[in-house]
Amino acid sequence: MKTVLITGANRSIGLETAKKLSKKGLFVYLGTRDLQKGEAVVKELNDNGYENIKAVQIDVTNLDTIVAVKNTIETEQGKLDILINNAGISGGFPQSAIDTDIAIFKEVYDINVFGLIQVTQIFMDLLKKSDQPRITNLTSGLGSLTLHNDPTWQYYDIKAAIYNSSKAALNMYTITLAYELRETNFKVNVIDPGFTATDFNHHTGPGTVESAATFVVKHTVTDDNTPTGKYFSNDIKDRTEISPW
């Protein structure tokens, strides 16, 4: 049985992704900062027929919790097949490049960039034990340099200095990681689930968590012919001529 760890998975896209992967027969470690809330979610899932899901307490900014989860998965499974770096925060809006407090920049980057990197590095040894290791980093079209320089793009005016730049940094990290692992069986990609109605944006997005999670699973549970170091977007499928990077 393949195993997957999803960070920030107790609600929204992370939770829906966990449900879909459970139905596909994977063992899902549902990462949550609040273990009590995570266990309550898992109980509800179990009551509704979902199996092989376990809540684990992981705060991507807390090394001790990351190592503890790594040790748990190593003891119980011996390997990790899929890591989905889903945890992230926005930092609140609006975000000015001129006068937003640097402390907010640091808070967002600590989770969206540094925390993600820390989790990835800690779990690398377990991923290397998989026959088909996959790393999926959830990004956003708002992190695209190309699209933000296109005045015809529908989200052109959403210039959130902190959140957007954190996702741009995540995109570059993913490209670099994929390059370093290019001679292995790893597939490392960034996935933009699209502007989805979640707590993250006060349910203002037009997309559904079901559509977003389906897209994430499609580009994560893949065969050996899948490309690596790529960007897949559920939001710009009608603009395939434009590189979203």
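- An unreviewed UniProt entry lists the protein under the name SDR family NAD(P)-dependent oxidoreductase, with Flavobacterium turcicum given as the organism.
- Word for word, the UniProt comment on the protein under Sequence similarities (unreviewed entry) is "Belongs to the short-chain dehydrogenases/reductases (SDR) family."

**Some words on the overall build of the protein**
- Broken down by element type, the protein carries 7 helices and 7 strands.
- Taken from the N to the C terminus, the helices and strands of the protein come in the order β-α-β-α-β-α-β-α-β-α-α-β-α-β.
- Its C-alpha atoms give the protein a radius of gyration of 17 Å, near enough to 18 Å, the size a compact globule of 245 residues would have.
- Principal-axis analysis of the C-alpha atoms gives the protein an extent of 50 × 40 × 30 Å.
- Classification of the 245 residues of the protein by burial places 51% in the buried group.

**Side note on the pattern of salt bridges**
- This model, assessed by the stated rule, comprises 9 salt bridges.
- The partner of Lys43 in a salt bridge is Asp47, and the shortest N-O contact between them spans 3.1 Å. With Lys43 and Asp47 both in helix α2 (residues 35-47) and 4 residues apart, the pair spans about one turn of that helix. Of the two residues, Lys43 and Asp47, neither departs from the other in class, the shared state being exposed.
- In this structure, the salt-bridge partner of Lys129 is Glu74, at a minimum N-O distance of 3.4 Å. Taken as a pair, Lys129 in the loop between α4 (102-127) and β5 (134-138) and Glu74 in helix α3 (residues 63-76) lie far apart in primary sequence, 55 residues in all.
- Note on Lys129: relative accessible area 45%, which makes it partly exposed.
- The exposure class of Glu74 is partly exposed, given its relative accessible area of 31%.
- Look at the salt bridges and you will find they share partners, linking Glu16, Lys19 and Lys20 into a network.

**Topic: the sheet that holds strand β6 (residues 187-192)**
- With parallel pairing, the 7 strands of this open sheet are ordered in space as β3-β2-β1-β4-β5-β6-β7. Pairing within the sheet leaves two strands with one partner each, and these edge strands are β3 (53-57) and β7 (231-233). Within the sheet, the average angular offset between the axes of one strand and its neighbour, ignoring direction, is 20 degrees.
- In terms of strand pairing, strand β1 (residues 3-6) meets strand β2 (residues 27-32) through 4 bridges, oriented parallel. Bridge pairing links Val4 to Val28 in β2.
- Here α4 sits on the sheet and contacts β1, β4 (82-85) and β5; the angle it forms with β4, its principal contact strand, is near 175 degrees.
- Its contacts with the sheet put helix α7 (residues 209-218) on β4, β5, β6 and β7, and the angle it makes with β6 is roughly 165 degrees.

**Section: the packing of α3 against α4**
- Contact pair α3 / α4: the axes reach a minimum separation of 10 Å and the direction vectors enclose 20 degrees. Taken together, α3 and α4 sit at an angle that is classed as roughly parallel. When you trace α3 past α4, the crossing you get is right-handed. On α4, the residues that touch Leu63, Ile66, Val67, Val69, Lys70, Ile73 and Glu74 of α3 are Gln118, Val119, Ile122, Phe123 and Leu126.
- For the contact of α3 with α4, the class distribution of residues is 9 nonpolar, 1 polar and 2 charged.

**Describing helix α6 (residues 161-180)**
- Over its 20 residues, α6 extends 29 Å from the first C-alpha to the last, a length consistent with the 28 Å expected when each residue adds 1.5 Å.
- Considering only its buried residues, α6 is in contact with α4, β5, α5 (145-148), β6 and β7.

**A look at the nonpolar core**
- Ranked by size, the top nonpolar core spans 33 residues in total, and within it Leu5, Ile73, Leu80 and Phe123 carry the most contacts.
- Of all the secondary-structure elements, those providing two or more residues to this core are β2, α3, α4 and α6.
- The element best represented in this core is α4, accounting for 12 residues.

Rules used in this analysis
- Residues numbered from 1 in each chain as written.
- Predicted model: local features only at pLDDT ≥ 70, side-chain atom pairs only at ≥ 80, totals over all residues.
- Heavy atoms only, no water.
- UniProt positions renumbered as here; feature names shortened; annotations may be inferred.
- Helix = DSSP H or I, 4+ residues; strand = E, 2+ residues; numbered from the N terminus.
- Rg over C-alpha atoms; globule rule 2.2 N^0.38 Å.
- Buried < 20%, exposed > 50% of the residue type's maximum accessible area, 1.4 Å probe, protein only.
- Salt bridge = Lys/Arg side-chain N within 4 Å of Asp/Glu carboxyl O.
- Pairing = 2+ DSSP bridges.
- Axes fitted to C-alpha atoms, helices over the stretch in contact; angles between N-to-C directions.
- Contact = heavy atoms within 4.5 Å.
- Parallel < 35°, antiparallel > 145°, perpendicular 65-115°, else oblique.
- Left-handed = near helix turned anticlockwise from the far one by under 90°.
- Nonpolar A, V, L, I, M, F, W, Y, C, P; charged D, E, K, R; others polar.
- Expected span 1.5 Å × (residues − 1).
- Core = buried A, V, L, I, M, F, W, Y, C linked by side-chain atoms within 4.5 Å.

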